[in-house]
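Descriptive structure summary
For reference, the chains in residue letters:
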Amino acid sequence: MPEKYPDPAAAPTGVPEPAPAVFRSIDHIGIAVHDLDAAIEWYAEKFGMRVVHIETNADEHVREAMLEVGESGPLLQLIAPLDEESPVARFLASRGEGLHQIAYTVDDVEAATTTLRERGVDTLYERSHAGTWGSRVNFVHPKTAGGVLVELVEHPDASSGPSR
């Protein structure tokens, strides 16, 4: 089995050193869906994924479910709009169902937001908002993140994230 990380001496030459890290890990991958219950059933039946959390986020106008992917690693988030006011409803209208965002765990969402802004990255909100499982979140605008909506997630217990 290959090593997780190859010998650093074998790294490509001419690659710039990265800036100090902002993210701790991939937290979850978000998938936009029209019908949350149907999507939960499909992911359970086809991929054997188990729901570990469901909630409604009235601020974002969505109903969402977090699913386990195997025994460890990032979760899969299914997100369905509650109404046409939801950013997810607009996403579905323009792009259809599919990959919505990639979310990264951060120790401090406000500090991460400040750092990213200093690096020329635009965020959707001035201050963080309530997220899943009592987390605080902000989003990086896709126009400054290579076309990808990036979510910053600070869990209430920053040392561990949600228990599974």
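Residues numbered from 1 in each chain as written. Predicted model: local features only at pLDDT ≥ 70, side-chain atom pairs only at ≥ 80, totals over all residues. Heavy atoms only, no water.

Thoughts on the overall build of the protein
Which entries qualify depends on this criterion: Labels follow the DSSP assignment, with helices taken as runs of H or I lasting at least four residues and strands as runs of E lasting at least two, numbered in each case from the N terminus. Burial classes follow relative accessibility: with a 1.4 Å probe on protein chains only, a residue under 20% of its type's maximum area counts as buried, one over 50% as exposed, and anything between as partly exposed. Contact definition: two residues touch when any of their heavy atoms are within 4.5 Å.
In terms of regular secondary structure, the protein is built from 3 helices and 8 strands. For the protein, the sequential pattern of α-helices and β-strands runs β-α-β-β-β-α-β-α-β-β-β. Overall, the C-alpha framework of the protein stretches about 50 × 40 × 35 Å when taken along its three principal axes. Relative to its full complement of 164 residues, the protein shows a buried share of 38%. Restricting the contact set of the protein to residue pairs at least 6 apart, pairs at least 24 apart contribute 55%.

Some words on the packing of aromatic side chains
What counts here: Only centres within 6.5 Å qualify two rings of Phe, Tyr or Trp (six-membered ring in Trp) as a pair; their planes then separate them into stacked at under 30 degrees, edge-to-face at over 60, and tilted for everything else.
Using the criterion set out here, one finds 5 aromatic pairs in the structure. For the ring pair tryptophan 42 and phenylalanine 47, a centre distance of 5.0 Å and an interplane angle of 85° mean the geometry is edge-to-face. Judged by centre distance (6.2 Å) and plane angle (70°), the rings of tyrosine 125 and phenylalanine 139 are edge-to-face. Of this pair, tyrosine 125 sits in the loop between α3 (109-118) and β6 (129-130) while phenylalanine 139 sits in strand β7 (residues 136-140), and the two are 14 residues apart along the sequence.

Here we look at unusual backbone geometry
Even without being a glycine, histidine 61 presents a positive backbone phi close to 60°. Its place among the elements puts histidine 61 in the loop between β2 (50-57) and β3 (62-68). A relative accessible area of 25% places histidine 61 in the partly exposed class. Look at tryptophan 133: it is not a glycine, yet its phi comes out positive at around 60°. Along the polypeptide, tryptophan 133 turns up in the loop between β6 and β7.

Some remarks on the sheet that holds strand β4 (residues 75-81)
Backbone-to-backbone hydrogen bonds pair the strands of a sheet. The strands run either parallel or antiparallel. The following threshold applies: Here, a strand pair is defined by DSSP locating no fewer than two bridges between the strands. Comment: axis = line fitted to C-alpha atoms, over the contacting stretch for helices; angle = value between 0 and 180 degrees taken between N-to-C directions.
Judged by pairing direction, the sheet is mixed, and its 8 strands sit side by side in the order β2-β3-β4-β1-β5-β8-β7-β6 without closing on themselves. Two strands close off the open sheet at either side, each with one partner strand: β2 and β6. Pairing analysis gives 2 bridges linking β6 to β7, with the strands arranged antiparallel. Looking at β7, one finds that alanine 130 is bridged to arginine 136. With respect to the sheet, helix α1 (residues 36-47) is in contact with β1 (25-32), β2, β3 and β4, its orientation differing from that of β4 by roughly 155°.

Section: the nonpolar core
Nonpolar side chains in soluble globular proteins tend to be buried together. Stated precisely, the cut-off is as follows: Among buried residues, the Ala, Val, Leu, Ile, Met, Phe, Trp, Tyr and Cys ones that are joined through side-chain atoms within 4.5 Å form a nonpolar core.
Core analysis: the largest hydrophobic core is formed by 12 residues, namely Ile31, Val33, Leu36, Ala39, Ile40, Tyr43, Met49, Ala65, Leu67, Leu76, Leu78 and Ala80. Put simply, the parts of the chain that give this core at least two residues each are α1, β3 and β4. Ranked by residues supplied to this core, first place goes to α1 with 4 residues. Those residues within four positions of leucine 76 in sequence are excluded, and the remaining contacts are Ile29, Ile31, Tyr43, Met49, Ala65, Met66, Leu67 and Val69. Judged by nonpolar contacts, the second largest core, of 11 residues, contains Val22, Val109, Ala112 and Val150.

Examining the pairing of β1
A regular strand carries its side chains on alternate faces of the sheet. Across 7 bridges, β1 lies against strand β5 (residues 98-105) in antiparallel orientation. Bridge assignment links alanine 32 to a residue of β5, and that residue is glycine 98. Taken together, the 5 bridges between β1 and β4 define a ladder with parallel strand orientation. By the bridge assignment for β4, alanine 32 is matched with isoleucine 79.

Focus: helix α2 (residues 87-95)
Stated formally: This arc describes the spread of directions from the helix axis toward the C-beta atoms. The term polar contact refers here to a pair of N or O atoms within 3.5 Å; inside protein, the definition further demands a hydrogen-donor-capable atom paired with an acceptor-capable atom, and it admits residues adjacent in sequence only when both atoms are side-chain atoms.
Of the residues making up α2, those classed as buried are Val88, Ala89, Phe91 and Leu92. Summarising the axial view, the buried residues of α2 lie within an arc of 160°, below the 170-degree limit, and thus occupy one face. Exposed side chains of α2 directed beyond 90 degrees from the buried face belong to Arg90, Ala93 and Ser94. In this fold, the buried residues of α2 make contact with β1, β3, β4 and β5. The distance from a side-chain oxygen at the start of α2 to the backbone nitrogen of valine 88 is 3.0 Å, and the residue carrying that oxygen is serine 86. Looking one or two residues beyond α2, the residue adopting positive phi is glycine 96, at roughly 85°.

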